[in-house]
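The lines below spell out each chain.
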Amino acid sequence: MAREALTNARGFGRYAATLYVIAIALSLAPVAAHAARRHLPYPSLTTPLEIGGSQYTPVGWADIPGWSEDDQLQAYKAFRISCKPISAQQQPPADPKALGISLRDPCRVAKALDISDGAKARAFFEQHFLPLRISRLGEGEGFVTGYYEPVIDGSRTQTDVYTVPVYRRPSNLFVRGFKQSSASLPNKGEVFRKIGRRKLVPYYDRAEIEHGKIAGRGLEICWLKNQTDLLFTQIQGSARVRLEDGSTVRINYDAHNGYPYTAVGRILIERNIIPKDQMSMQRIREWMDQNPDGANELRRQNRSYVFFREVQLSDKDEAVGAQGVPLTPGRSIAVDKSLHVYGTPFFIEGELPIESERSKTPFRRLMIAQDTGSAITGPARADLYFGAGAEAGRVSGRLRNNMRFAMLVPRSLDPVARGRKMPLPDARPSEKIAKLFPQVDPLKDQKQKEQTNGAKPTAATAAPGSRDTASAKEPAKTAAPTAPPPSAAVAQASTPVAAAKPVPLPEARPNPKPVHELRRQRRYRDYLRVR
């Protein structure tokens, strides 16, 4: 009976304890729920606009000089050409860009419109875009250069006149993330040469290729007269090669060897060979023609080397840009592919030496981003395409000018409107905690009390090993003959000082006895109580 009563009492105690725990949990549940609601993470919101290393400001159309005077019809036609690959995209681009896939909306509208004059084209851009003044951080202007499609003489076979090969992409050239059968490879990043199945080493540089490292492998598309023609073809990224029979071979960029591009013009400026204000592609070509040995050394300072592919274009067709669409002379630009999306409109305004080297021709045009280049880096950096031929080469060759950029952003990415919807962060919790739990400095309080009571610091308030501690050990020599008032002594003795006490170490974890021994002892005690 006694054992049964004891067992029931013990079971009731466990039951009561369980009820107590449940009651506490239920009482804390609303607090936990409120805390969970209060500290939920913010929803994942895309930022209105984000372009690395840039600054941009919304502006009005009337604040852009030359906007209303430009004939945007040609820009509208170029934009519609860019809309074909944009509309064909099924998924967002792999690399995050500022505009993403937002150009699909204006492209959908442009596809349904039949615009034939500049005023309607201007109205289209004003209705579906917003202008942003854009530049590199800390700068007010951007920078432009020019490029064109060279027309050079060549041959399908090697002769005594045509001795410089134009190579297609080698089969042992490897870029991580791309198949060797890819239509085109990026113009930046590391490029390797496969040795066997696994070993990768950097690809040959310009000097090694010019010395014949890949010669005799059947990679020759055609042959040119000299290395200077090939260098300028590689800088421009495309060319029209006129053959001896009157036909034309069209070649376009396909890959590079992985080395960064080094501007030979900058080297000539640094060596004080050509003044900066006289630098142009024509001056570079003239100097190379007059200094063959120096040209070889200068050319190999640029270790980058470009490989081409033959494209089936007629003489009437324009060169194809990196977006895969034909370029429009005077309306197409090359931009930094890592920052911008192909098809983005840019209004570029300023003065350029178009008519002559010293002229300041007003240039205020809406341009469409359809190409890229390894030397084109930055948010407000563009290469203006001027078409094919010698005249286009002369104009583009003397362009190195600061210009002002306005990027046209689809209205769906209005940074002002979307910025209003972004939630504000909570107030810093440290401010609330500081009000509830004010910080106290024990040593400062102790000094204030001592100054109020007129007493000197005691040994308890002095730092161990200091001069104050040493003097406190000899009160007979330094202290006054009269003792301090009892009240002050009691106050000093009763005031706790946290800084003087060492931090206590945690107690050792107890080593409980095995469970079966505890149960055996408990049963033996119960047995004695019953007897």
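Just above sits the structure.
For the structure given in this document, a descriptive report is provided here.

1. Considerations on the sheet that holds strand β4 (residues 151-155)
Point 1. Pairing is mixed in the open sheet, where 6 strands are placed in the order β5-β9-β4-β10-β11-β12. With partners counted over all chains shown, the strands left at the sheet margins are β5 (164-167) and β12 (306-311), one partner each. Ignoring which end each strand starts from, the neighbouring axes of this sheet average 45° apart.
Point 2. In terms of strand pairing, strand β11 (residues 248-256) meets β12 through 6 bridges, oriented antiparallel. Directly across from tyrosine 253, in β12, lies its bridge partner phenylalanine 308.

2. Remarks on the packing of aromatic side chains
Each aromatic ring pair is characterised by the separation of its centres together with the angle its planes make.
Point 1. This model, assessed by the stated rule, comprises 14 aromatic pairs.
Point 2. Aromatic side chains phenylalanine 79 and phenylalanine 129 sit 5.8 Å apart centroid to centroid with 85° between the ring planes, which places their arrangement in the edge-to-face category. Of the two residues, phenylalanine 79 sits in helix α2 (residues 73-88) while phenylalanine 129 sits in strand β2 (residues 129-136), which places them 50 residues apart along the sequence. Here phenylalanine 79 and phenylalanine 129 have matching classes, each one buried.
Point 3. Between phenylalanine 124 and phenylalanine 125 the ring centres are 5.2 Å apart and the planes differ by 70°, which places this aromatic pair in the edge-to-face class. The pair phenylalanine 124 / phenylalanine 125 is uniform in exposure class, with both members buried.
Point 4. Aromatic ring contacts, followed pair by pair, group Tyr76, Phe79, Phe124, Phe125 and Phe129 into a single cluster.
Point 5. For arginine 285, the ring lying beneath its charged end belongs to phenylalanine 232, and the centroid distance is 4.8 Å.

3. Some thoughts on the pairing of β2
Point 1. Buried residues dominate β2, accounting for 7 of its 8 residues.
Point 2. By the bridge criterion, 5 bridges tie strand β1 (residues 54-58) to β2 in an arrangement that is antiparallel. Of the residues in β2, the one forming a bridge with glutamine 55 is serine 135.
Point 3. Pairing analysis gives 6 bridges linking β2 to strand β17 (residues 400-410), with the strands arranged antiparallel. What sits directly across from isoleucine 134, in β17, is phenylalanine 405.

4. Looking at α2
Note on helix geometry: an α-helix contains 3.6 residues per turn, so any two residues three or four positions apart are oriented the same way.
Point 1. In a regular helix each residue adds 1.5 Å, so 16 residues correspond to 22 Å; α2 covers 23 Å between its end C-alpha atoms and thus fits that length.
Point 2. Along α2, the sharpest kink reaches roughly 30°, centred on serine 82 and followed within four residues by the proline proline 85.
Point 3. Inspection of α2 places Leu73, Ala75, Tyr76, Ala78, Phe79, Ser82, Cys83 and Ile86 among the buried residues, and these make up the whole buried set.

5. Quick notes on the nonpolar core
Point 1. Core analysis: the largest hydrophobic core is formed by 66 residues, its most contacted members being Phe79, Phe125, Ile333, Ile348, Leu384 and Phe405.
Point 2. Here this core gets 7 residues from one element, more than from any other, and that element is α2.
Point 3. Apart from the residues lying within four places of it in its own chain, the contact partners of phenylalanine 405 are Leu132, Arg133, Ile134, Gly142, Phe143, Val144, Phe346, Phe347, Ile348, Ala380, Arg381 and Ala382.
Point 4. Membership of the second largest hydrophobic core comes to 28 residues, among which are Val166, Tyr203, Leu230 and Ala239.

6. Remarks on the sheet that holds strand β6 (residues 173-174)
Point 1. Pairing is antiparallel in the open sheet, where 3 strands are placed in the order β6-β7-β8. A strand with exactly one partner marks an edge of an open sheet, and here the two such strands are β6 and β8 (199-202).
Point 2. Looking at chain direction, strand β7 (residues 192-195) and β8 are connected through 4 bridges and run antiparallel. Counterpart to phenylalanine 192 in the pairing with β8 is proline 202.

Rules behind the numbers
- Residues numbered from 1 in each chain as written.
- Predicted model: local features only at pLDDT ≥ 70, side-chain atom pairs only at ≥ 80, totals over all residues.
- Heavy atoms only, no water.
- Pairing = 2+ DSSP bridges.
- Helix = DSSP H or I, 4+ residues; strand = E, 2+ residues; numbered from the N terminus.
- Axes fitted to C-alpha atoms, helices over the stretch in contact; angles between N-to-C directions.
- Phe/Tyr/Trp six-rings, centres within 6.5 Å; stacked < 30°, edge-to-face > 60°.
- Buried < 20%, exposed > 50% of the residue type's maximum accessible area, 1.4 Å probe, protein only.
- Lys NZ or Arg CZ within 6 Å of the ring centre and 35° of its normal.
- Expected span 1.5 Å × (residues − 1).
- Bend = angle between axes of the 7 residues up to and from the residue.
- Core = buried A, V, L, I, M, F, W, Y, C linked by side-chain atoms within 4.5 Å.
- Contact = heavy atoms within 4.5 Å.

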